[in-house]
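What follows is the residue order along each chain.
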Amino acid sequence: PPPLRCRRSAVSGTIVTKALLAVNVAVFFAQTLSQGALTLAGAMVSSDIAAGQYYRLFTPMFLHGSFNHLLVNCFSLNAVGPQVEALYGLDRMSVVYLASGVAGNVLSCMMSSHMSVGASGAIFGLVGALGVFLARHQEMLGGGSKVALSSIGQTIFLNMALGLRPGSNIDNWGHLG
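Since this is a predicted model, take the numbers as computed values, not measurements. (Residues numbered from 1 in each chain as written. Predicted model: local features only at pLDDT ≥ 70, side-chain atom pairs only at ≥ 80, totals over all residues. Heavy atoms only, no water.)

Asks: Outline the overall build of the protein, listing residues and values.
Replies: The helix and strand inventory of the protein stands at eight helices and zero strands. Secondary structure elements of the protein occur, N-terminal to C-terminal, as α-α-α-α-α-α-α-α. Long-range pairs, those at least 24 residues apart, make up 73% of the contacts in the protein with a sequence separation of at least 6. When the accessible surface of the protein is summed, it comes to about 10,000 Å², and 67% of that surface belongs to carbon and sulfur atoms. (Helix = DSSP H or I, 4+ residues; strand = E, 2+ residues; numbered from the N terminus. Contact = heavy atoms within 4.5 Å. Areas by Shrake-Rupley, 256 points an atom, 1.4 Å probe, with all protein chains shown as cover.)

So, in C-alpha cells, the structure goes:
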C-alpha cells in the first residue's frame with residue numbers, strides 16, 4: 001500500500017476548522033441579538049420540515065441552545081477538526097461535516113418531534129471519520145490507534161448516556177445520524 005500522507009498543505013492548515021468555529025460563534029452572536037428569532041427560524045422542527053422547509057435540515061448545525069452548548073461544541077470541533085482536516089483534506093472534511101450534520105437532522109426529524117439545534121451531529125461525523133481512519137490503519141499506526149479508538153468509543157458512550165438522562169435536552173438521534 002502507498003505510504004500514509006496527511007492531506008494538509010502549508011496553505012490550508014486548519015482553515016475549515018477555524019472557519020466553522022468562526023461561523024458558529026458569529027451565528028450564536030446573531031441568535032443572541034435576535035432574541036431567539038433566528039433560533040426559531042432555523043431550528044430542526046419536524047413539522048416545519050414536513051411542510052417543505054427543508055433548509056431546516058441544514059441550518060440547525062450552526063445554531064446553539066445556550067452559551068455552554070456553543071462552548072462544548074466548539075471545544076469538541078477544535079479537538080477533532082484539525083486531525084480530520086489533516087488526514088482527509090479541506091474538501092473531504094467539509095463534506096463529512098456538512099453531510100453528517102444533515103444526516104443527523106434527517107434522523108432526528110424522523111425519530112423525534114422535539115425542536116433541535118447544534119453541531120453535534122456534524123462533529124460526531126468527524127469523530128466517525130477519524131475512527132474509520134484509525135481502524136483502517138491499525139497495522140501502520142500500532143497500539144496508539146487502539147488506544148485512540150477506545151477513547152472514541154468511551155466518548156460516544158458517555159455522550160449517548162448523557163442524552164438518555166431524564167430531562168436531557170441532548171438529541172441522541174442527531175448524534176446517531
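Asks: Would you mind going over the side chain of N24 in detail, with residue names and values included?
Replies: Relative to the helices and strands, N24 resides in helix α1 (residues 15–33). Its relative accessible area of 2% is what places N24 among the buried residues. Leaving out residues up to four positions away in the same chain, N24 has contacts with M61, F62, H64, L70, C74, L77 and Y97. (Buried < 20%, exposed > 50% of the residue type's maximum accessible area, 1.4 Å probe, protein only.)

Asks: So what's going on with helix α5 (residues 120–136)? Residues and values would help.
Replies: Here α5 spans 24 Å end to end across 17 residues, near enough to the 24 Å set by a 1.5 Å rise per residue. Most of α5 sits out of view: 13 of its 17 residues are buried. (Expected span 1.5 Å × (residues − 1).)

Asks: Hey, could you go over α1 for me, with residue numbers and the actual values?
Replies: An ideal rise of 1.5 Å per residue puts 27 Å on 19 residues; α1 measures up with 27 Å between its terminal C-alpha atoms. Taken together, the buried positions of α1 are occupied by V16, T17, L20, L21, N24, V27, F28 and Q31. Angularly, the buried residues of α1 cover 135 degrees about the axis, an arc narrow enough to put them on a single face. Residues of α1 that are exposed and angled more than 90 degrees away from the buried face: K18, F29 and L33. Of the surrounding elements, those touching the buried residues of α1 are α2 (37–42) and α4 (67–111). Q35 sits one or two residues past α1 and shows a positive phi near 55 degrees. (Arc of directions from axis to C-beta.)

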